[in-house]
Amino acid sequence: MNEVWTNIYASKGPQERSWTQQFPEESLRLTAAHGSGPEHAVIDVGGGASALALALLDRGYHDVTVVDIAAPALDELRARATDHGHKPESLSTVVCDVLDFDPPKRFATWHDRAVFHFLVESSQQVRYRELLNQLLQPEGLAIVATFSPDGPAMCSGLPVKQWSTDSLAAFFEPEFVVIESFVSEHVTPNGAVQSFSWVALRRVSPPLTR
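It should be emphasised that the depicted structure is a prediction, and the values quoted were computed from it without experimental measurement.

1. Regarding the layout of surface pockets
Part 1: Taken as a whole, the second largest pocket spans an internal volume of roughly 170 Å³.
Part 2: Forming the boundary of the second largest pocket are 15 residues, of which T20, Q21, Q22, H186 and V187 lie nearest the centre.
Part 3: Put simply, the parts of the chain that give the lining of the second largest pocket at least two residues each are β8 (176-187) and β9 (193-203).
Part 4: For the lining of the second largest pocket, the leading source of residues is β8, giving 4 residues.
Part 5: A class-by-class count of the residues in the lining of the second largest pocket yields 5 nonpolar, 7 polar and 3 charged.

Rendered as structure tokens:
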């Protein structure tokens, strides 16, 4: 999988990537509405050349981490952040499969619009939930968006698992409760329409011991 995403970022510009957003409207709104604010740590998993990370930095967030398996994506993000005049210490980038991620700290907000629906094996999904339980602070916010049952069954040649908002909520219970959920349509740069399920989750139990 590493090779797939590395090749895409190395060979295609932003307008050739199906997931590119001109502005991360839903992600930014949920973070602002339900997150703990610019002074706390935010992570975007599978964020690539994260439009959300750049938008958060532009709004005064100063502890933003992006984890992605493709090094060229993070190179692109750092270059864009520099172009926007942001301090290097405000943005941490980690080349890593999120299921192997082992940072030294926990986060107040976890955002994922790219990873979870690619985890098609139940063991991968359980590992992801365990990781979220370990790395999100008490009362923290988790934003998870996946292709909906009406969305694509494949992306970039890889299979995905489609989730409804109800099935996402059920999967992350009881450690998390849904504070907002909805379905939205993402229009790709080439004009295709993709349906996404979104849930904003609040942690209601202590993190697991690491």
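Next comes the rest of the write-up.
2. A short note on unusual backbone geometry
Part 1: A cis geometry characterises the amide bond from E173 onward to P174, with omega recorded as 0°.
Part 2: Looking at the element boundaries, P174 is found in the loop between α6 (165-172) and β8.
Part 3: Phi is positive for E139, close to 65°, though the residue is something other than glycine.
Part 4: By the element assignment, E139 lies in strand β5 (residues 136-147).
Part 5: Assessed through its relative accessible area of 52%, E139 is described here as exposed.
Part 6: Of note in the backbone geometry, S156 takes a positive phi value of approximately 55° without being a glycine.
Part 7: Overall, the relative accessible area of 33% leaves S156 in the partly exposed class.

3. A word on the pattern of salt bridges
Part 1: According to the stated counting rule, one finds 3 salt bridges in the structure shown.
Part 2: With a shortest N-O distance of 2.7 Å, K105 and D63 are connected by a salt bridge. Linking K105 in the loop between β3 (91-95) and β4 (107-112) with D63 in the loop between α3 (51-58) and β2 (64-68), this pair joins segments that are 42 residues apart in sequence.
Part 3: Overall, the relative accessible area of 30% leaves K105 in the partly exposed class.
Part 4: Between D75 and R78 there is a salt bridge, with its nearest N and O atoms 2.4 Å apart. Placement of the pair is D75 and R78 together in helix α4 (residues 71-83), with a separation of 3 residues, close to one helical turn.
Part 5: Note on D75: relative accessible area 41%, which makes it partly exposed.
Part 6: For R78, a relative accessible area of 36% gives the class partly exposed.

Definitions and limits used
- Residues numbered from 1 in each chain as written.
- Predicted model: local features only at pLDDT ≥ 70, side-chain atom pairs only at ≥ 80, totals over all residues.
- Heavy atoms only, no water.
- 1 Å grid on protein atoms, 1.4 Å probe; cavity = no way out; pocket = protein on both sides within 12 Å on 5 of 7 lines; lining within 4 Å.
- Points joined across faces, edges and corners; volume = space filled by probe spheres on them.
- Helix = DSSP H or I, 4+ residues; strand = E, 2+ residues; numbered from the N terminus.
- Nonpolar A, V, L, I, M, F, W, Y, C, P; charged D, E, K, R; others polar.
- Buried < 20%, exposed > 50% of the residue type's maximum accessible area, 1.4 Å probe, protein only.
- Salt bridge = Lys/Arg side-chain N within 4 Å of Asp/Glu carboxyl O.

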